[in-house]
Amino acid sequence: MQESLFLRAAFSKSTERPPVWMMRQAGRFMPEYWEIKNKYSFLEMCKTPEIAADVTMLPVNLLGIDAAILFSDILVTAEAMGGDLSFTQGVGPKFANPVRNQADVDRLLTDVDDKLQYVADAIKVIQQRLNGSIPLIGFAGAPFTVMSYLVEGGSSKDFKLTKLLIHNHPELAHQLLAKIAKVTIDYLNLQIDAGVNALQLFDSWALALSWDDYKEFSHNYNTEIISKLNRKDIPIISFCKGSSVFAPLMAESKPDVISIDWNADLLDIKRTLPAGIAVQGNLDPHILYADKKVIKERIHRLFERMRGENGFIFNLGHGIMPDIPFDNVKYAVELMKEFRY
């Protein structure tokens, strides 16, 4: 497994071509996903190991990507802590009991590994199916991002309630973040014990923060998490929207890979990072809506830009949108797999 393209690139070793996987690669752009989704709720899919394995394997079987990522959600930790979580089509996640005050923070649980055992069970089923063919990536939501969902009660455009909490009641925000961080450390170590080959920490909403607030309310907790993982030979990828801005701070957390959004030149970012930190990214996912000649030109442009650089994993700057044509994604993956340095 250590000889896989993905793991070699993650540890900044040379590869004959960039390995490819894509955030949300097992998802709504696939008709086969909907065949499963129409039978079960989203949380049922996450919590039933055989179904989670079925969905995880879709891009492995249909696209031939170089790494699988566990089918789950970043909010399963918040639910295990006591969040009353539901997913509604077209609306997204909702917490019926948002966290707004001291009593709300106090009621959240931190010893919740037993409630997340279904994730470990899914990892074991997936690894049986992968049978060593490609690595499996596990993941968790970073504390600030998970906190924003708990405080807002769902998705938000302006994060007003979250920002009011960190500005008016910073001590309470830190109590909440510390609880989420503890759960996240335990959860990622549970995934390591279950057999994942790599991890990604998703700080999807970090871009909502100023530099100082990112450092205090996000970066410090992400650093703590990465430092407390039992991760011998298990690379960790740090991702956030805003990584093109926050990459210098993210590097201080000592991840193996930083996943970069599409707002920056990937080579420029890589050259500012310490030696031994790989980069992942950073195609604008909207390119995959475009004509195939455009897709080809943009992928080749990125690959030529990164030619000669060890430690490059192809990915999108964020996840695949649900209405991107499947055929375009398949074409993109085939193009990348044909490329040679």
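That block above? That's the structure.
Notes on the structure in this doc start here. (Residues numbered from 1 in each chain as written. Predicted model: local features only at pLDDT ≥ 70, side-chain atom pairs only at ≥ 80, totals over all residues. Heavy atoms only, no water.)

**Describing the overall build of the protein chain**
Phase 1 of the analysis: Counting its secondary structure elements, the protein chain contains 15 helices and 9 strands.
Phase 2 of the analysis: Taking 20 Å as the expected radius of gyration for a compact globule of 341 residues, we find that the protein chain reaches 19 Å, a close match to that expectation.
Phase 3 of the analysis: Across its three principal directions, the C-alpha atoms of the protein chain cover 55 × 45 × 40 Å.
Phase 4 of the analysis: Once local pairs closer than 6 in sequence are excluded, the contacts in the protein chain between residues at least 24 apart make up 73%.
Phase 5 of the analysis: Here the protein chain displays about 13,600 Å² of accessible surface, and carbon together with sulfur accounts for 49% of that area.
Phase 6 of the analysis: Side chains of the protein chain give 37 positive and 42 negative charges; the mean places of these two sets differ by 3 Å. (Helix = DSSP H or I, 4+ residues; strand = E, 2+ residues; numbered from the N terminus. Rg over C-alpha atoms; globule rule 2.2 N^0.38 Å. Contact = heavy atoms within 4.5 Å. Areas by Shrake-Rupley, 256 points an atom, 1.4 Å probe, with all protein chains shown as cover. Lys, Arg positive; Asp, Glu negative; His and termini not counted. Charge placed at Lys NZ, Arg CZ, Asp CG, Glu CD.)

**Remarks on the pattern of salt bridges**
Phase 1 of the analysis: Tallied over the entire structure, the rule returns 20 salt bridges.
Phase 2 of the analysis: Note that R17 is salt-bridged to D66, the shortest N-O span being 2.8 Å. Of this pair, R17 sits in the loop between α1 (5-10) and α2 (31-37) while D66 sits in the loop between α4 (49-62) and β1 (68-69), placing them 49 residues apart in sequence. Considered together, R17 and D66 belong to a single accessibility category, that of buried residues.
Phase 3 of the analysis: K47 is the partner of E79 in a salt bridge, and the nearest nitrogen-oxygen pair spans 2.9 Å. With a gap of 32 residues between them, E79 in helix α5 (residues 76-81) and K47 in helix α3 (residues 42-47) connect regions that are remote in the sequence. (Salt bridge = Lys/Arg side-chain N within 4 Å of Asp/Glu carboxyl O. Buried < 20%, exposed > 50% of the residue type's maximum accessible area, 1.4 Å probe, protein only.)

**Re helix α8 (residues 143-152)**
Phase 1 of the analysis: Burial analysis of α8 places 10 of its 10 residues in the buried class, which makes it a mostly covered element.
Phase 2 of the analysis: Downstream of α8 by one or two residues, G153 has phi in the positive range, about 85 degrees.

**Here's the deal with the pairing of strand β6 (residues 236-240)**
Phase 1 of the analysis: Among the 5 residues that make up β6, 5 are buried, leaving the element largely enclosed by the rest of the structure.
Phase 2 of the analysis: Across 5 bridges, strand β5 (residues 198-203) lies against β6 in parallel orientation. The partner of F202 across the bridge, within β6, is F239.
Phase 3 of the analysis: Crossover connection from β5 via helix α11 (residues 211-227) to parallel β6: handedness right-handed.
Phase 4 of the analysis: Running through helix α12 (residues 243-252), the crossover from β6 to the neighbouring parallel element strand β7 (residues 257-259) is right-handed. (Pairing = 2+ DSSP bridges. Right-handed = clockwise from strand over helix to strand, strands pointing away.)

**Remarks on the side chain of Q25**
Phase 1 of the analysis: Tracing the backbone shows Q25 in the loop between α1 and α2.
Phase 2 of the analysis: In this structure the side chain of Q25 is engaged in a polar contact, spanning 2.9 Å, whose partner is the backbone nitrogen of M22.
Phase 3 of the analysis: With residues near it in sequence (within four places) discarded, Q25 still touches M30, P59, I65, A67, A68, I69 and I320. (Polar contact = N/O pair within 3.5 Å; in protein donor to acceptor, adjacent residues only side chain to side chain.)

**Some details on the nonpolar core**
Phase 1 of the analysis: Counting residues in hydrophobic clusters, the biggest one holds 133 residues, and the most contacted among them are M22, M147, L176 and F314.
Phase 2 of the analysis: The element best represented in this core is helix α10 (residues 170-194), accounting for 13 residues.
Phase 3 of the analysis: Those residues in contact with F314 that lie beyond four places of it in its chain are P18, P19, V20, W21, M22, G281, L283, L302, F303 and M336. (Core = buried A, V, L, I, M, F, W, Y, C linked by side-chain atoms within 4.5 Å.)

**Overview of the sheet that holds β7**
Phase 1 of the analysis: Strands sit in the order β1-β4-β5-β6-β7-β8-β9 across an open sheet of 7 strands; the sheet is parallel. Looking along the sheet, the strands with just one partner apiece sit at the ends: β1 and β9 (312-316).
Phase 2 of the analysis: The sheet contact formed by β1 and strand β4 (residues 136-141) spans 2 bridges and is parallel. Bridged to I69 within β4 is I137.
Phase 3 of the analysis: Lying over the sheet, α10 contacts β4 and β5, oriented at roughly 170 degrees with respect to β4. (Axes fitted to C-alpha atoms, helices over the stretch in contact; angles between N-to-C directions.)

**Section: the environment of A9**
Phase 1 of the analysis: Summarising the element assignment, A9 is placed in helix α1.
Phase 2 of the analysis: The spacing of A9 and P19 is 10 residues in sequence and 7.3 Å in space, taken between C-alpha atoms.
Phase 3 of the analysis: In this structure, A9 is in contact with T15, P19, A278, G311, F312 and I313, ignoring residues within four places of it in sequence.

**Some thoughts on the environment of P98**
Phase 1 of the analysis: Within the secondary structure, P98 is located in the loop between β3 (92-95) and α6 (102-106).
Phase 2 of the analysis: Assessed through its relative accessible area of 21%, P98 is described here as partly exposed.
Phase 3 of the analysis: C-alpha of P98 to C-alpha of L136: the two residues are 38 residues apart in sequence and 33 Å apart in space.
Phase 4 of the analysis: Ignoring anything within four residues of it in the chain, the contact list for P98 reads D104, R107, L150, V151 and G153.

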